[in-house]
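Observations on chain architecture
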Amino acid sequence: MDAIKQHPTAVGVLLAIVAISLSPAIAGARAQTTASSPDGDLRVGDLRTEYVENPLGIDVRIPRLSWKLYASGRGVMQAGYRLQVAVGVDSFSRSEFLLWDSGEVRSERSVNVRYSGAPVESRRRYYWRVQVWSNDGRVSEWSQVAFWESGLLEDDDWAADWITSPLEDDPSVSGPAPHFRRSFELGSGVESARIYATSRGVYELFLNGQRVGERVLAPGFASYNRRMPYQTYDVTELIRRGENAVGAVVGDGWYRGFLGFPGDRNVFGNQIALFLQLEVVHTDGTRELVSSGEGWMTASGPILSSDIYNGETYDARAEMPGWSSPGYDDSSWLRAVSGGDNTGTFVADLAPPVRRIEQVEPLRILNAPSGGTIVDMGRNLVGWVRFRVSGEEGETVRLTHGEALDAGGDLYTANLRTAAQTDTYILKGTGEEWFEPHFTFHGFRYVHFDGYPGRLEIDDVTGVVVHSDLELTGTFETSDPNLNQLQQNILWSQEGNFLSIPADCPQRDERLGWTGDAQLFAPTASFNMQVAPFFSQWLRDLRADQYEDGSVPWVIPDVLTSRGPAATSDVPTAGVGGWSDAAIIIPWELYLRYGDVRVLEEQYESMRAWLSYAVSEAGDDLVWKPDFHFGDWTGDVETPPDLIATAYLAHSADLMSRIAGVLGLEADRSEYTDLFGRVQAAFRSEFVSIFGNLSYRTQTAYALALRFDLLTDEQIGRALRSLVDDIREQGTHLTTGFVGTPALCPVLSGNGRADVAYDLLFQSTAPSWLFAVRSGATTMWEQWRGREAGAFADPELNSLNHYVGGAIGDWMYSTIGGINPDVEAPGFKHAILSPIPDSRLTHASASLRTMYGTLSTNWELENPDRFLLEVAVPVNATASVRLPRARAESVLESGERLIASTGISRVRENGRDVVVEIGSGSYLFSYSLLPNLPIEQPSPLTPSKLRLLLLFLLLLTVTLMRGRRRNTLR
Ligand code: BGC
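Reading the values: rules and limits
Residues numbered from 1 in each chain as written. Predicted model: local features only at pLDDT ≥ 70, side-chain atom pairs only at ≥ 80, totals over all residues. Heavy atoms only, no water. Helix = DSSP H or I, 4+ residues; strand = E, 2+ residues; numbered from the N terminus. Rg over C-alpha atoms; globule rule 2.2 N^0.38 Å. Buried < 20%, exposed > 50% of the residue type's maximum accessible area, 1.4 Å probe, protein only. Contact = heavy atoms within 4.5 Å. Areas by Shrake-Rupley, 256 points an atom, 1.4 Å probe, with all protein chains shown as cover. Near = heavy atom within 4 Å. Polar contact = N/O pair within 3.5 Å; in protein donor to acceptor, adjacent residues only side chain to side chain. Nonpolar A, V, L, I, M, F, W, Y, C, P; charged D, E, K, R; others polar. Pairing = 2+ DSSP bridges. pLDDT = per-residue confidence, 0-100. Axes fitted to C-alpha atoms, helices over the stretch in contact; angles between N-to-C directions. Parallel < 35°, antiparallel > 145°, perpendicular 65-115°, else oblique. Left-handed = near helix turned anticlockwise from the far one by under 90°. Salt bridge = Lys/Arg side-chain N within 4 Å of Asp/Glu carboxyl O. Phe/Tyr/Trp six-rings, centres within 6.5 Å; stacked < 30°, edge-to-face > 60°. Lys NZ or Arg CZ within 6 Å of the ring centre and 35° of its normal. Core = buried A, V, L, I, M, F, W, Y, C linked by side-chain atoms within 4.5 Å. Expected span 1.5 Å × (residues − 1). Bend = angle between axes of the 7 residues up to and from the residue.

Quick word on the overall build of the protein chain
Looking only at helices and strands, the protein chain has 16 helices and 49 strands in total. Since a compact globule built from 970 residues should have a radius of gyration of about 30 Å, the 30 Å found for the protein chain is in line with a globular shape. Dimensions along the principal axes, computed over C-alpha positions, put the protein chain at roughly 110 × 80 × 55 Å. Burial status across the protein chain gives 61% buried among its 970 residues. Long-range pairs, those at least 24 residues apart, make up 74% of the contacts in the protein chain with a sequence separation of at least 6. Counting every atom, the protein chain has about 36400 Å² of accessible surface; 50% of that belongs to carbon and sulfur.

Structure follows, in structure tokens:
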């Protein structure tokens, strides 16, 4: 367990600062500094390459470099920078060792600066440092030295061959995980050593008896048939002179295990295999290569079977102590054979590694009514358990994992569908034995132990939380414990489902990269964690899996499709509005939140192709009536697919016009602006009645129409009233599903009805967010009524760990906390801080670690209406702060009147709010809120009243006509 790292990851290698003489411009600025800024405390740090600190083995030929500035005072901006890239950590002072010297660049740019030195070569470490100067004349020291190391960039860098076991096995079931090993001699001293490795299946790597790295389930889940990710390991410390041994174990994993709800296995192929290249650089400069191929031995070991859904069976009696160490006698092993050719292109794995992140101690141990023992972990989590056992050789312990207990107190497994989630351990009987599985993961809160010899005690069991090690970037906290629990549940669902890919759920026979779920949750996800490399990698698979006609599969990697690797059915599994639009929406979110232009460039053709596919499906009238659609999915009230699909078509066209604008593609921009206008018009003529109402009056219909800007100004007011009426008619409940829910609160608060959004948020009966919280949930539920009055919803679709409902997190951060990106200055270069308080909360705080540093808000509402708002903006960024219900003259900032406060560049009144422009630093605003305006009464004509009125008019007409007929006949 020592290998478990605290989250976030510890700072890596930081190297010596090397001073060089200053250039005249900087020296000038420094002279000025001494005069104007006595503390001179401008610092530069947190250097990142492609978002990562000192990444290893990346295959980006033009890496992007980012750094942060730290300085006291207010309104500090970067005025310029100088960046240097060198061949060695201490070679910056020799110009012949510089690969790039940007010279002094007058620019505020500190995020994603593209390297433009000598071309990047394979397996090379690039050291870099940066120096900055600020708008107030301060100059930083050179930063500490950071680096990136390139992976293998050229086809001929690959010398290894795929190897596999010669043993025949039955591809219809999971077989033993083959172990591979090879020993080798090394002569002269070792300067450095790297392993580049991947597998068909999931692997664990060993060198000289030690586990290499901390990754689990590598190489992760990818579109292996098109893009085969490889990982790079620095093994310099593990390798030695003389005899060495390298080994790997490979389990079925996503490659050939069960995958997808149709019950398929061998989706990518039926043969697991290993590919490994160990490269050693000796102190004398010579290189040596040990790669998978001839001379490798293989044997089956203790892992009798392993499967992502079904679990692992491990026979400790079959362990082979020392199998990956030098000197091990492998004479009884078989020769590994060729594993065939490459199927997908090798690509460096740029996403955060999947790791064991946290340990959880169980809450309690229960006796299962039907026998055995149940361990309650106290919360729903994703990973596995590690346990201790002593007993006789051959005794077998079976652990079945589930998310809930049934009414009788036994493990509830119906919602797992076919996923067995069972690990089996066969004892070797040598005393105290410890076990944790290798090639599976489970979604669970409860573990049923069957066959455990003796009495299971609480400290025999530890939960191991496993997910992609994304950096936590956000915090959100309020005076309401239920809201805090909701935030915690959202975070736990994100963690559990961000395991290599953004998946829908972690427990049943699915765990797939559902495109719709990912796009709906992406804004929330990016508040909680740094998601740029994670989503960018998944988008590369999306592009690879996109069909030639532009259609985007429902899930990425595309494992359900009739055209993908499985090809088991003729039913198309691609091209659904709201799902496939992830191709456009997610890159846009990454641009908005990280200022990432490259992801737009890389994804552009894919976006275009998807949009033109959607347009052609919609046909000439641009109203998309899909043959198949998921609808709103889990909503209480059905919204017609036509409306959803057409609304998303418009939205994607709108985003495309903005994206083309960002990329400077004028012709495309006007083409998509025009398309957006035409789809808007089509939407109105199809779905808005002549009286200005939507023809389908569902909350989702209103929310999408308002959110995607599909209505005229006149229609907006009416739609908003109707939406509020409907919410009230439902007893202040939402009726939305996956598609409508993320849009609901934003359109309410965005149109002056934050009160109603708060009412929905505080609702505690189903359907609502807090219903699950109050029912004891610790993760987000797929269904609003996942479990109500003791009964579970339909087990076919009742994941208790599904993040989409957690899309409310975006609203909590952006409206309660008030942190918003600004499309005009993306990446939070300029932020819009606009919290909207509510009397049900006495305080709320939110923070976000952006590419510039930490943005934060923290407000308090004191009785009766005293409002205190503290905000902090990082150096080299600015913000607009919207002070709600304020008059400029009555606002104080840190005790001063606004006009007297330094760091505030502009103050303006906007309706009943005051908007101030600020630069970096901390600010404290205080004032008495203006009284709330009386809230408009619901329109007299609610839908039910309207129905009654129509009925009455109908009856009246019929009566009148009858009367007239009678008169005529007379
Ligand atoms: C998944 C969802 C997904 C949906 C399609 C489900 O089985 O779990 O999250 O979006 O299918 O509607």
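Some details on the site of the ligand
Surrounding the ligand, one finds Asp-504, Arg-508, Glu-510, Trp-514, Asp-517, Trp-579, Phe-630, Trp-633, Phe-738, Glu-782, Leu-797 and His-802. Contact distances for the ligand include 3.0 Å between an oxygen atom and a side-chain N or O atom of Trp-579. The separation between an oxygen atom of the ligand and a polar side-chain atom of His-802 is 2.9 Å. Compared with its free state, where it exposes 310 Å², the ligand has 97% of that area covered by protein. Broken down by class, the residue content of the shell around the ligand amounts to 6 nonpolar, 1 polar and 5 charged.

Looking at the sheet that holds strand 6 (residues 113–114)
The 3 strands lie next to each other as 1-2-6, forming an open sheet whose pairing is antiparallel. Two strands in the sheet have a free side with no partner beyond their single neighbour: strand 1 (43–49) and strand 6. Taken together, the 2 bridges between strand 2 (residues 64–70) and strand 6 define a ladder with antiparallel strand orientation. The residue of strand 6 that forms the bridge with Arg-64 is Arg-114.

Overview of the pairing of strand 33 (residues 461–468)
Across the 8 residues of strand 33, 8 count as buried, placing the element largely inside the fold. Strand direction decides the pairing type here: strand 24 (residues 354–360) and strand 33, joined by 6 bridges, are antiparallel. By the bridge assignment for strand 33, Val-354 is matched with Ser-468.

Remarks on the confidence of the model for the protein chain
For the protein chain, the average pLDDT comes to 92, and 91% of its residues sit at 70 or higher. Note on residues 1–39: pLDDT under 50 across the span, and 75 contacts to partners over four residues away in sequence or across chains.

Digging into the packing of helix 5 (residues 532–545) against helix 7 (residues 598–618)
Orientation of helix 5 relative to helix 7, taken along the N-to-C sense of each, is 20 degrees, at an axis distance of 10 Å. The angle between the axes of helix 5 and helix 7 places the two elements in the roughly parallel class. The two elements helix 5 and helix 7 meet at a crossing, and its hand is left-handed. Within the contact between the two elements, helix 5 uses Ser-536, Leu-539, Arg-540, Leu-542 and Arg-543 and helix 7 uses Val-599, Glu-602, Gln-603 and Ser-606. Class assignment for the residues of the contact of helix 5 with helix 7 results in 3 nonpolar, 3 polar and 3 charged.

Side note on the pattern of salt bridges
Applying the stated criterion across every chain, the model contains 65 salt bridges. Arg-593 serves as the salt-bridge partner of Asp-810, at 3.9 Å between the closest nitrogen and oxygen. One end of the pair, Asp-810, is in helix 15 (residues 808–816); the other, Arg-593, is in helix 6 (residues 582–594), with 217 residues separating them in the sequence. Relative accessible area serves as the criterion here: at 12%, Asp-810 is assigned to the buried category. Note that Asp-668 is salt-bridged to Arg-608, the shortest N-O span being 2.9 Å. Note that Asp-668 is positioned in helix 9 (residues 666–687) and Arg-608 in helix 7, a separation of 60 residues in sequence. Looking at Asp-668, the relative accessible area reads 16%, which means it is buried. Note on Arg-608: relative accessible area 26%, which makes it partly exposed.

Remarks on the packing of aromatic side chains
What the rule picks out here adds up to 61 aromatic pairs. Relative to Tyr-696, the ring of Phe-687 has its centre 6.1 Å away and its plane inclined at 50 degrees; by these criteria the two rings are tilted. What makes Phe-687 buried here is its relative accessible area of 2%. Taken together, the ring pairs in this structure connect Phe-261, Trp-514, Trp-554, Trp-579, Phe-628, Phe-630 and Trp-633 into an aromatic cluster. Positioned over the ring face of Phe-147 is Arg-125, at 3.7 Å from the centre of the ring. The ring of Phe-441 carries the charged tip of Arg-511 above its face, separated from the ring centre by 4.9 Å.

Quick word on the side chain of Ser-834
Structurally, Ser-834 is set in the loop between strand 40 (830–833) and strand 41 (843–849). Of the residues examined, Ser-834 reaches a relative accessible area of 15% and is grouped as buried. Here Asn-820 takes part through its side chain, which lies 3.2 Å from a polar atom of the side chain of Ser-834. Once residues within four sequence positions are removed from consideration, Ser-834 is found in contact with Ser-814, Thr-815, Gly-818, Asn-820 and Arg-882.

So, the sheet that holds strand 42 (residues 854–862)
Within the open sheet, the 7 strands sit side by side as 34-41-42-43-49-45-46. Their pairing is antiparallel. Each edge of the open sheet carries a strand with a single partner, namely strand 34 (474–478) and strand 46 (896–897). Across 2 bridges, strand 45 (residues 892–893) lies against strand 46 in antiparallel orientation. Note that in strand 46 the partner of Leu-892 across the bridge is Arg-897. Here helix 15 sits on the sheet and contacts strand 34, strand 41 and strand 42; the angle it forms with strand 34, its principal contact strand, is near 75 degrees.

Some details on helix 10 (residues 699–707)
Among the 9 residues of helix 10, 8 are classified as buried, and the element is accordingly described as predominantly covered. Along helix 10, the positions that sit buried rather than exposed are Gln-699, Thr-700, Ala-701, Tyr-702, Ala-703, Leu-704, Ala-705 and Leu-706. The secondary structure elements touched by the buried residues of helix 10 are helix 8 (641–662), helix 9, helix 11 (713–729) and helix 12 (741–750). Positive backbone phi, approximately 60 degrees, marks Asp-709, located one or two places after helix 10.

Re the nonpolar core
Trp-67, Phe-449, Phe-535, Ile-816 and Phe-925 are the most contacted members of the largest nonpolar core, which has 243 residues in total. For this core, the element with the highest residue contribution is helix 8, accounting for 12 residues. Beyond its immediate chain neighbours, meaning those up to four positions away, Ile-816 contacts Phe-476, Thr-478, Leu-483, Tyr-758, Leu-761, Trp-811, Pro-835, Ile-836, Leu-841, Ala-844 and Trp-859. Formed by 26 residues, the second largest nonpolar core is a distinct cluster that contains Ala-197, Ala-248, Val-250 and Leu-276.

Overview of the packing of helix 3 (residues 481–497) against helix 4 (residues 515–528)
Look at helix 3 against helix 4: their axes get within 11 Å of each other, and the N-to-C directions meet at 100 degrees. Of the possible angle classes, the one that applies to helix 3 and helix 4 is roughly perpendicular. From helix 3, Gln-487, Ile-490, Leu-491 and Gln-494 reach across to helix 4, where they touch Phe-521, Thr-524, Ala-525 and Asn-528.

Topic: helix 4
With 14 residues, helix 4 extends 19 Å between its outermost C-alpha atoms, agreeing within 8% with the 20 Å of an ideal straight helix rising 1.5 Å per residue. If you look at helix 4, its biggest bend is around 55 degrees, right at Ala-522, and the proline Pro-523 turns up within four residues after that. Within helix 4, 14 of the 14 residues are buried, leaving the element largely enclosed by the surrounding structure.

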